Amino acid sequence: MTIEREWIVLDTNVWIFGLRQEPTRLACFQLLGRLPDFFVRVPRQILLELRANLSHEEMDDFFRLLNRHPEQREISWDKVEPALIHNYQQRGCKLGDATVAAHLEILGVKLLVSENRDFLTEISGLPFRVLSAEAFLEQLDAESSARR
Amino acid sequence: MSVSINELAESIVALAPQEQEELIEKVAALNFQRGLTALSRKYRDRLAQEGKLQQPAAEILAELAKLREEIAAHDYRA
């Protein structure tokens with residue numbers, strides 16, 4: 001499946017660096033500008049983290065932004081089974097990362113875009129891969145070029 | 001606005017169907033970019049007021065990692 005047709009999850013750090021236009025992570029802002037080009041799921045843990053960072057009004061704007069392409073967005077407020085989180089914890093993940101991993105597995109998402117280079121690097125056999133914002137954009141561009 | 005909505009609509013319906021589709025896509029894309037820029041500006045302005053806009057990336061990542069643990073611990077407390 002091409003990256004443009006694949007459901008992905010953007011880690012909170014990608015949303016936050018992007019909205020901040022963090023100068024050392026400009027790929028994150030560029031990636032947010034390309035949101036109309038791909039499919040994004042936003043799981044509960046990421047939503048809660050964003051809600052803790054954004055004001056009520058900013059959060060409303062965030063949802064409005066997602067709703068501009070409703071067929072390419074899925075918001076999930078569902079919790080995951082604690083047993084699945086526990087499974088990741090037993091493999092060495094911290095609770096928070098285990099929760100994100102469990103969300104991805106339940107949602108059937110095979111790609112997480114994250115600026116945390118160490119995200120679960122010590123865990124083998126994950127059901128998803130992790131790319132930085134820059135690497136994701138490179139892949140997106142490569143696919144666009146190949147199609148032309 | 002120099003062109004009325006009615007005149008604008010007349011101009012649009014005079015376009016070929018494919019051009020109309022391209023136009024609608026273009027308007028949607030511009031609306032999205034404006035929304036993103038506006039949200040980013042609003043967020044950055046607030047961070048600047050709070051003296052947090054210049055926070056180093058490593059510090060932001062550390063705070064987000066801490067927040068992740070706290071939220072998960074609260075959401076899945078026994």
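Before reading on, note that the structure itself is shown above.
Notes on the structure follow. As the structure is a computational prediction, the values presented were derived from the model and not from experiment.

## Concerning the environment of Pro36 of chain A
Examined against the element boundaries, Pro36 of chain A turns out to sit in the loop between helix H2 (26–33) and strand S2 (39–43). Residue classification places Pro36 of chain A among the partly exposed residues on the basis of 13 C-beta atoms within 10 Å. Spatially, the C-alpha atom of Pro36 of chain A lies 6.8 Å from that of His69 of chain A, the residues being 33 residues apart in sequence. Residues contacting Pro36 of chain A, with those up to four places away along its chain left out, are His69 of chain A together with Ala29 and Phe32 of chain B.

## What to know about the sheet that holds strand S1 (residues 7–10) of chain A
Residue and element names in this part refer to chain A. Pairing is parallel across the open sheet formed by five strands, whose spatial order is S3-S2-S1-S4-S5. The open sheet terminates on both sides in strands that have one partner only, identified here as strand S3 (73–76) and strand S5 (129–131). Ignoring strand direction, the axes of neighbouring strands in this sheet form an average angle of 30 degrees. Summarising the sheet, S1 and strand S4 (residues 111–113) pair through two bridges and their orientation is parallel. When the sheet's bridge partners are listed, Leu10 is paired in S4 with Val113. In this fold helix H6 (residues 95–107) packs onto S1, S2, S3 and S4, with an angle of close to 130 degrees to the strand it touches most, S2.

## Observations concerning the interface of chain A and chain B
Counting from both sides, the interface comprises 32 residues of chain A and, opposite them, 26 residues of chain B. Those elements that provide at least two residues to the side of chain A that touches chain B are helix H1 (12–20), H2, helix H3 (44–53), helix H4 (56–66), helix H5 (82–90) and H6 of chain A. Across the side of chain A that touches chain B, the residue classes tally to 12 nonpolar, 10 polar and 10 charged.

## Quick word on H6 of chain A
When the terminal C-alpha atoms of H6 of chain A are compared, their 18 Å separation across 13 residues agrees well with the 18 Å that a helix rising 1.5 Å per residue should span. Buried within H6 of chain A we find Gly96, Asp97, Ala98, Thr99, Val100, Ala101, Ala102, His103 and Leu104 of chain A. Buried residues along H6 of chain A sit in contact with S1, S2, H3, H5 and S4 of chain A together with helix H3 (57–75) of chain B. Positive phi shows up at Gly108 of chain A, right after H6 of chain A, with a value of about 70 degrees.

The rules we used
Residues numbered from 1 in each chain as written. Chains lettered and ligands numbered in written order. Predicted model: local features only at pLDDT ≥ 70, side-chain atom pairs only at ≥ 80, totals over all residues. Helix = DSSP H or I, 4+ residues; strand = E, 2+ residues; numbered from the N terminus. Buried ≥ 20, exposed ≤ 12 C-beta atoms within 10 Å, placed from the backbone. Contact = placed C-beta atoms within 7 Å. Pairing = 2+ DSSP bridges. Axes fitted to C-alpha atoms, helices over the stretch in contact; angles between N-to-C directions. Nonpolar A, V, L, I, M, F, W, Y, C, P; charged D, E, K, R; others polar. Expected span 1.5 Å × (residues − 1).

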